[in-house]
Amino acid sequence: MTEKTALTPATHTAPPAAFSHGVRKGNILQVAGQVGFLPAVGGRAPAVAGPTLREQTLQTLANVEAVLTEGGATWDDVMMIRVYLTDTAHFAEMNEIYDEYFRDLTVPPAARTTVYVGLPAGLLIEIDALAVLG
């Protein structure tokens, strides 16, 4: 049986509850929902990248990528992305940012679902991902 490994990149603080930022078992890597917190520095409390959807989306994608990297994966390995938005009015803008971010991807893009949710005050977006490593 393949061992399950919890993943916490150096850029992340310990999760605030009983979950892992990412988990890898065999060639499957699940990235937990990430938000737009800036990288952890010197043990300070997490701070949001900024008040705009663009700032938070780019930081959220960077945080997902940090977990992927920690688990030995890249965006090329991602099969499914789920985007959680707090405001339906942000959908078009998020799509523009998302398309720009993945513009140079050399493999078919991941499947994606977008849903609308409530998040803690100040957070506009959360993203999780499922990767399958070759």
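None of the values given here were measured: they were computed from a predicted structure.

How each quantity is defined
- Residues numbered from 1 in each chain as written.
- Predicted model: local features only at pLDDT ≥ 70, side-chain atom pairs only at ≥ 80, totals over all residues.
- Heavy atoms only, no water.
- Pairing = 2+ DSSP bridges.
- Helix = DSSP H or I, 4+ residues; strand = E, 2+ residues; numbered from the N terminus.
- Axes fitted to C-alpha atoms, helices over the stretch in contact; angles between N-to-C directions.
- Contact = heavy atoms within 4.5 Å.
- Buried < 20%, exposed > 50% of the residue type's maximum accessible area, 1.4 Å probe, protein only.
- Arc of directions from axis to C-beta.
- Salt bridge = Lys/Arg side-chain N within 4 Å of Asp/Glu carboxyl O.
- Parallel < 35°, antiparallel > 145°, perpendicular 65-115°, else oblique.
- Left-handed = near helix turned anticlockwise from the far one by under 90°.
- Nonpolar A, V, L, I, M, F, W, Y, C, P; charged D, E, K, R; others polar.

Draft legend 1. Quick peek at the sheet that holds strand β1 (residues 4-7). Across the sheet, which stays open at both edges, the 6 strands sit in the order β1-β2-β3-β6-β4-β5 with mixed pairing between neighbours. Strands at the two margins of the open sheet, each flanked by one partner only, are β1 and β5 (111-116). Between one strand axis and the next, the sheet turns by 10° as a mean value, whatever way the strands run. In this structure, strand β4 (residues 78-85) lies alongside β5, joined through 6 bridges in parallel fashion. Residue pairing in the sheet places isoleucine 81 in a bridge with arginine 112 of β5. Against the sheet, helix α1 (residues 53-70) touches β1, β2 (22-25), β3 (28-34), β4 and β6 (125-132), its axis set at about 30° to β6.

Draft legend 2. Helix α2 (residues 91-101), seen in detail. Within α2 the residues assigned to the buried category are Met94, Asn95, Ile97 and Tyr98. Axial view of α2: buried residues confined to an arc of 165°, hence all on one face. In α2, those exposed residues whose orientation departs by more than 90 degrees from the buried face are Ala92, Glu96 and Asp99. Each element contacted by the buried residues of α2 is listed here: α1, β4, β5 and β6.

Draft legend 3. Main features of the environment of glutamate 96. Within the secondary structure layout, glutamate 96 lies in helix α2. Separated by 42 residues in the primary sequence, glutamate 96 and arginine 54 have C-alpha atoms spaced 9.5 Å apart.

Draft legend 4. Spotlight on the pattern of salt bridges. Going through the model one piece at a time under the given rule, you end up with 2 salt bridges. Linking glutamate 100 and arginine 54 is a salt bridge whose minimum nitrogen-to-oxygen distance equals 2.6 Å. A residue pair is termed long-range when its members are at least 10 positions apart, and glutamate 100 in helix α2 and arginine 54 in helix α1 qualify at 46 residues. Looking at glutamate 100, the relative accessible area reads 37%, which means it is partly exposed. Put simply, aspartate 128 and arginine 82 hold a salt bridge, and the shortest N to O gap is 2.9 Å. Taken together, the positions of aspartate 128 in strand β6 and arginine 82 in strand β4 put the pair 46 residues apart, joining distant regions of the chain. Take aspartate 128: its relative accessible area is 8%, and that puts it in the buried class.

Draft legend 5. Spatial organisation of the packing of α1 against α2. Packing of α1 against α2 leaves a shortest axis separation of 10 Å and a crossing angle of 45°. Accordingly, the angle class assigned to the pair α1 and α2 is oblique. At the point where α1 passes α2, the crossing takes the right-handed sense. On α2, the residues that touch Leu53, Arg54, Thr57, Leu58, Leu61, Ala62 and Glu65 of α1 are Glu93, Met94, Ile97, Glu100 and Tyr101. Counted by class, the contact of α1 with α2 contains 7 nonpolar, 1 polar and 4 charged residues.

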